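Residue-level structure breakdown
Residues per chain, in single letters:
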Amino acid sequence: MEKLLTLIIPTYNMERYLRTCLDSLIIDESQQALEVLIINDGSKDASSAIAHEYEERMLDVFRVIDKENGNYGSCINRGLKEATGRYVKVLDADDHFDTNALKQFLHAIADIDTDMILTDNTIFGDNDISKKYYGFELPTGQSLTFADYCDRLKTDIQMHNVTYKRTLFSQFSYHQTEGISYTDQEWIFGPMARVRTFTYLALPLYKYLIGREGQTISPEQIRRSSSHVLKLGNDMLTMYLEADKTEPAINDYLYFRLCRQIKSLYRIYLAEAPGLELDGMAAFDKRLKAELPELYHDCGQATMGPFIRIKYVNYWRKHQYAPQPKCFYTIFNSYTKALVWCKRILNIHHL
């Protein structure tokens, strides 16, 4: 039977969550249409043993690929080489699917032939209680032109929402950065340059866990991994410069995503985390000026917030890349904390 969907599951030390993830993929109907590639990235716990249990039980569905540690992107790259499904999607090992939604999804994609499929997702905590639902206001079950909708989607699409047609990757050389974290941003960036058609299915397919200890999205972990974020910025800039820009609307989508990522990079180094080594950031800034001056200018206009109009990136440039005054970090972080506090108060009043 043709595999309709390949799931790539990057796995590193996920013994606590992996069974929940894999159990959510066991369905009665259309099971043979599913291919699950569990990419064990050199785990030191029982992740590999757990994965092999599922492979032994359902050899025609689950396949374990044990490899040396290369971080998240290396798992995606290996999975793409091994995938045979018509469509391919990434599922993180600490997340899982809504099993009923997966059944409906597999049934629906048998009759879909577009470059990309968008689905909804929920965010949940360790107790599996849903915290928020994310969906799209789009026509459902139809072939849509991506250029017609990408402007309104550019702030909303996350890796949890995206399923790509596998043959899309034969049209260009896609290589997700290896050895660093946060490269899920590349998954919703590089391939988008080639997407021309898509279908939206209003299904809450992906269940995304937040609040896990050690999760790479925590502010503290991002600051500790600032060099990863810097490399990601460099690689996404390269992706953008090499991308197919024949569709202006899609190019605007890519520019927006790149701009947001790079502004976040400046914010980490120059406003959030004092004491970081700035030589690499200075080299990146010079590269950006030479290769994408429009974005260089846009980033220079960034301020600390609506009520703090200090253009901290331009200040750093004007002072020859010298370390920022410590008061900048104090001001920015105090402002951020105050903003979070105000939002909490407003939510309390709203309730």
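Look up: the structure comes first, before these words.
Residues numbered from 1 in each chain as written. Predicted model: local features only at pLDDT ≥ 70, side-chain atom pairs only at ≥ 80, totals over all residues. Heavy atoms only, no water.

**Considering the overall build of the protein**
When helices and strands are tallied, the protein shows 13 helices and ten strands. For 351 residues, the compact-globule estimate of 2.2 N^0.38 gives 20 Å, and the C-alpha radius of gyration of the protein, at 21 Å, lies within 12% of that figure. Counting only C-alpha atoms and orienting by the principal axes, one finds that the protein spans roughly 65 × 45 × 45 Å. Taken over 351 residues, the protein has a buried fraction of 52%. When contacts within the protein are restricted to residue pairs at least 6 apart in sequence, long-range pairs at least 24 apart make up 79% of them. Accessible surface computed for the protein: about 16,600 Å², of which carbon and sulfur atoms make up 51%. Where the 41 positive side-chain charges of the protein centre and where its 46 negative ones centre are 8 Å apart. (Helix = DSSP H or I, 4+ residues; strand = E, 2+ residues; numbered from the N terminus. Rg over C-alpha atoms; globule rule 2.2 N^0.38 Å. Buried < 20%, exposed > 50% of the residue type's maximum accessible area, 1.4 Å probe, protein only. Contact = heavy atoms within 4.5 Å. Areas by Shrake-Rupley, 256 points an atom, 1.4 Å probe, with all protein chains shown as cover. Lys, Arg positive; Asp, Glu negative; His and termini not counted. Charge placed at Lys NZ, Arg CZ, Asp CG, Glu CD.)

**What to know about helix H5 (residues 146-153)**
Those residues of H5 that sit buried are Phe 146, Tyr 149, Cys 150 and Leu 153. Buried residues of H5, seen end-on, are gathered within an arc of 120 degrees and therefore sit on one face of the element. Residues of H5 that are exposed and point more than 90 degrees away from the buried face comprise Asp 148 and Asp 151. (Arc of directions from axis to C-beta.)

**Some thoughts on the pattern of salt bridges**
In the structure shown here, the tally under the stated rule is 13 salt bridges. Between Glu 53 and Arg 19 there is a salt bridge; the shortest N-O distance is 2.9 Å. With Glu 53 in helix H2 (residues 47-57) and Arg 19 in helix H1 (residues 18-23), this residue pair connects regions lying 34 residues apart in the sequence. Relative accessible area serves as the criterion here: at 36%, Arg 19 is assigned to the partly exposed category. A salt bridge links Asp 113 to Lys 165; the nearest nitrogen and oxygen atoms lie 2.3 Å apart. With a gap of 52 residues between them, Asp 113 in the loop between helix H4 (99-109) and strand S6 (116-124) and Lys 165 in strand S9 (residues 162-165) connect regions that are remote in the sequence. What emerges from the salt-bridge pattern is a single network uniting Arg 63, Arg 78 and Glu 82. (Salt bridge = Lys/Arg side-chain N within 4 Å of Asp/Glu carboxyl O.)

**Section: the layout of surface pockets**
One number sums up the size of the second largest pocket: a volume of about 300 Å³. For the second largest pocket, the lining is made up of 18 residues, of which Phe 172, Ser 173, Tyr 174, Met 239 and Glu 242 are closest to its centre. Ranked by residue count, the leading element in the lining of the second largest pocket is helix H8 (residues 226-242), at five residues. Taken together, the residues of the lining of the second largest pocket sort by class into eight nonpolar, five polar and five charged. (1 Å grid on protein atoms, 1.4 Å probe; cavity = no way out; pocket = protein on both sides within 12 Å on 5 of 7 lines; lining within 4 Å. Points joined across faces, edges and corners; volume = space filled by probe spheres on them. Nonpolar A, V, L, I, M, F, W, Y, C, P; charged D, E, K, R; others polar.)

**Regarding the packing of helix H9 (residues 248-272) against helix H10 (residues 279-291)**
Across the interface, H9 lies against H10 with an axial gap of 11 Å and an inter-helix angle of 150 degrees. The angle between H9 and H10 places the two elements in the roughly antiparallel class. Both H9 and H10 take part in a crossing whose hand is left-handed. Along the contact surface, H9 presents Ile 262, Leu 265, Tyr 266 and Tyr 269, while H10 presents Met 281, Phe 284, Asp 285 and Leu 288. (Axes fitted to C-alpha atoms, helices over the stretch in contact; angles between N-to-C directions. Parallel < 35°, antiparallel > 145°, perpendicular 65-115°, else oblique. Left-handed = near helix turned anticlockwise from the far one by under 90°.)

**Overview of the pairing of strand S2 (residues 34-41)**
Within S2, eight of the eight residues are buried, leaving the element largely enclosed by the surrounding structure. The alternating pattern of S2 places Leu 34, Val 36, Ile 38 and Asn 40 on one face and Glu 35, Leu 37, Ile 39 and Asp 41 on the opposite face, and all of these are buried. Looking at chain direction, strand S1 (residues 5-11) and S2 are connected through seven bridges and run parallel. Directly across from Pro 10, in S2, lies its bridge partner Ile 39. Handedness of the β-α-β unit built from S1, H1 and S2 comes out right-handed. (Pairing = 2+ DSSP bridges. Right-handed = clockwise from strand over helix to strand, strands pointing away.)

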